[in-house]
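Structure assessment
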Amino acid sequence: MEKDLSNYRKIYQKRELTKKSVPENPMELFQKWFYEAEESGQEEANAMTVSTIGKDNFPKNRVVLLKKFTWEGFLFYSNYNSEKGKAIQQNPNICLSFFWHGMERQIIIKGVAEKTSENISDGYFESRPDGSKLGAWASEQSSVVSSREELETSLQSLEDKYKNKEIPRPSHWGGYLVKPVSLEFWQGRPNRLHDRIRFTLQENFDWKIERLAP
Ligand SMILES: Cc1cc2nc3c(=O)[nH]c(=O)nc-3n(C[C@H](O)[C@H](O)[C@H](O)COP(=O)(O)O)c2cc1C
């Protein structure tokens, strides 16, 4: 099998990014770019790639939904016993990335993940629809299952068990807060001379701002 993709070529030309134009705190720029991605009609602007290094020493990427960002960092929810959960337990240094193609922008964030408080996880779990709550119970995320029926049977019995009852949060399901140590903002430019501005957290908690070669 062969498919040649060498003719796939897009000219990036919508915007620019300069060191002079960026705020001192990268979270401010993240917020600005996030709002602009939303306004541009980007579907699921909060979908991000989360990369972890696993026990097998391989990196693994998967898409997860960003559920909140604050001055402190980036929050997402998952199963603590999943492949990513086990990887984070062993090595909390992870990488998040966003690609907003309508804006010709990418953001790459290196950070340290920590479990959020039980309170925060409870609060978010409570806000989810019942189907999603039961799904968190029904699926031992990342484990091997013999068939789809096995999952559906498990969901059915949970639906019966929790009929007209409050569905508690499983203790193995909750949030991660990723505190960033570096954020790289990429703006596509013509002739592959893209703009890349990287913010790196310093010991005194200031951010060093540098332009990188594309
Ligand atoms: C658009 C999209 C959103 C997703 N959101 C989440 C999420 O918020 N949390 C989550 O655990 N998995 C989410 N997933 C599923 C993950 O990509 C992944 O399959 C799952 O977390 C298991 O990953 P792991 O086995 O590497 O731990 C999402 C997938 C897609 C495509």
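Notes on the structure in this doc start here. (Residues numbered from 1 in each chain as written. Predicted model: local features only at pLDDT ≥ 70, side-chain atom pairs only at ≥ 80, totals over all residues. Heavy atoms only, no water.)

**A look at unusual backbone geometry**
Phi at Asn-57 takes a positive value of approximately 70 degrees, unusual for a residue other than glycine. Relative to the helices and strands, Asn-57 is located in the loop between strand 1 (47-53) and strand 2 (59-65). Residue classification places Asn-57 among the exposed residues on the basis of a relative accessible area of 63%. Non-glycine residue Phe-205 carries a positive phi angle of around 70 degrees. By the secondary structure assignment, Phe-205 is in the loop between strand 8 (195-201) and strand 9 (207-211). (Helix = DSSP H or I, 4+ residues; strand = E, 2+ residues; numbered from the N terminus. Buried < 20%, exposed > 50% of the residue type's maximum accessible area, 1.4 Å probe, protein only.)

**Let's talk about the pattern of salt bridges**
For the structure shown, the criterion picks out 17 salt bridges. Ionic pairing is found between Arg-105 and Glu-36, a salt bridge with its closest N-O pair at 2.6 Å. Of the two residues, Arg-105 is situated in strand 6 (residues 105-115) and Glu-36 in helix 1 (residues 26-39); the sequence distance between them amounts to 69 residues. The two residues Arg-105 and Glu-36 agree in class, both being buried. Of the charged contacts, one joins Glu-114 and Lys-179 as a salt bridge, the two residues approaching to 3.6 Å between their closest N and O atoms. Taken together, the positions of Glu-114 in strand 6 and Lys-179 in strand 7 (residues 173-187) put the pair 65 residues apart, joining distant regions of the chain. Note on Lys-179: relative accessible area 31%, which makes it partly exposed. The structure contains a network of salt bridges with shared partners spanning Glu-16, Arg-189, Asp-195 and Arg-211. (Salt bridge = Lys/Arg side-chain N within 4 Å of Asp/Glu carboxyl O.)

**Details of the packing of aromatic side chains**
For the structure on display, the rule yields 17 aromatic pairs. A ring pair is formed by Phe-30 and Phe-34, whose centres lie 6.1 Å apart and whose planes are at 25 degrees; its orientation type is stacked. Of this pair, Phe-30 and Phe-34 both sit in helix 1, four residues apart, which is roughly one turn of the helix. Summarising the burial analysis for this pair, Phe-30 and Phe-34 share the class buried. Both rings, one in Tyr-77 and one in Trp-173, keep their centres 5.5 Å apart while their planes meet at 10 degrees; by these two values the pair is stacked. Here Tyr-77 is found in strand 4 (residues 74-79), whereas its partner Trp-173 is found in strand 7, with 96 residues between them in sequence. (Phe/Tyr/Trp six-rings, centres within 6.5 Å; stacked < 30°, edge-to-face > 60°.)

**Brief notes about the pairing of strand 2**
Pairing analysis gives seven bridges linking strand 1 to strand 2, with the strands arranged antiparallel. Residue pairing across strands places Ile-53 opposite Pro-59, the latter belonging to strand 2. Hairpin connection of strand 1 to strand 2: five residues between the antiparallel strands, including Asn-57 at a positive phi of 70 degrees. (Pairing = 2+ DSSP bridges.)

**Some thoughts on the site of the ligand**
Close to the ligand lie 13 residues; Lys-60, Val-63, Ser-78, Lys-84 and Ser-142 are nearest. Between Leu-65 and the ligand, the recorded distance is 3.2 Å, taken from a backbone N or O atom to an oxygen atom. The separation between an oxygen atom of the ligand and a polar side-chain atom of Gln-141 is 3.1 Å. Breaking the shell around the ligand down by element, the ones donating at least two residues are strand 2, strand 4 and helix 2 (83-90). (Near = heavy atom within 4 Å. Polar contact = N/O pair within 3.5 Å; in protein donor to acceptor, adjacent residues only side chain to side chain.)

Interpretation in functional terms is not warranted from these geometric data alone.
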